[in-house]
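# Architecture at a glance
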Amino acid sequence: ILAGANTYNGTTTIGGGTLALGAGNALPSGTAITLTAGTLDLQTFSTSAASLSFNAGSTLRFSLGTAGNVTALLALSGTLDPSGTGAYTLDFSDSGEIGTYNLVSFAGGTFFGDQSDFTIANLGAGLTGTLSLDSTMLSLTVAAIPEPSTCAGILGALALAGAAWRSRKRRA
């Protein structure tokens, strides 16, 4: 766990295990992050870095707080780049609420094709997520999964409306 602000120089390479942040801006803002294996766990903290090289098979973990954050949880002054082929996992530690989260901002562009390059894991119970990737931001929009009883109620109401319409049409 990186518990305070660090001032080392050079690349931060995570080649296995988990590197967890224990404070905001625990990584030096000028560091390039290379995630070759293992997990970078931001927990509930925001941090800045120069760039992120994200290897397939590794995990970027977030603990989502309140939706609607204006700044990204991971702000990159450079690029967000894929490495290898396969799943690029975004793990949400069984957290989240309905709304939109800015996950990763980047200034230098990205070489990911689109949001389908990512896999969502461990979003909070009863929630579903949709990723959005544009030229400067990777975002997550969280919605509630409708309860089966809600769907049944809607279908029942539609059936009653249809029956009433047919009954009215026969009388006319």
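On a predicted model such as this, the values are computed, not experimentally measured, just so you know.

Conventions used here
- Residues numbered from 1 in each chain as written.
- Predicted model: local features only at pLDDT ≥ 70, side-chain atom pairs only at ≥ 80, totals over all residues.
- Heavy atoms only, no water.
- Helix = DSSP H or I, 4+ residues; strand = E, 2+ residues; numbered from the N terminus.
- Rg over C-alpha atoms; globule rule 2.2 N^0.38 Å.
- Phe/Tyr/Trp six-rings, centres within 6.5 Å; stacked < 30°, edge-to-face > 60°.
- Salt bridge = Lys/Arg side-chain N within 4 Å of Asp/Glu carboxyl O.
- Core = buried A, V, L, I, M, F, W, Y, C linked by side-chain atoms within 4.5 Å.
- Buried < 20%, exposed > 50% of the residue type's maximum accessible area, 1.4 Å probe, protein only.
- Contact = heavy atoms within 4.5 Å.

Below, the discussion takes up the overall build of the chain. Of the regular secondary structure elements, the chain holds one helix and 12 strands. Start at the N end of the chain and walk to the C end: the helices and strands fall as β-β-β-β-β-β-β-β-β-β-β-β-α. For 172 residues, the compact-globule formula gives about 16 Å, and the C-alpha radius of gyration of the chain, at 21 Å, lies well above that figure. Here the C-alpha coordinates of the chain stretch approximately 80 × 30 × 25 Å along the principal axes.

Tallied over the full model, the rule gives seven aromatic pairs. Ring geometry for Y88 against F112: centres 4.9 Å apart, planes inclined by 90°, an arrangement best described as edge-to-face. Taken together, the positions of Y88 in strand β8 (residues 88-95) and F112 in the loop between β9 (99-106) and β10 (118-123) put the pair 24 residues apart, joining distant regions of the chain. Taken together, the aromatic side chains of F54, Y88, F112 and F118 make up a single cluster linked through ring pairs.

Further remarks concern the pattern of salt bridges. Enumeration over the complete set of coordinates arrives at two salt bridges. Taken together, the shared-partner salt bridges connect D41, R61 and D91 into one network.

Ranked by size, the top nonpolar core spans 38 residues in total, and within it F62, L90, L103 and V104 carry the most contacts. The element best represented in this core is β9, accounting for four residues. The residues touching L103, leaving out its near neighbours within four places in the chain, are F62, L64, A72, L73, L74, L90, F92, L131, M137, L138, S139 and L140.

Worth remembering: the numbers are spatial, not functional.
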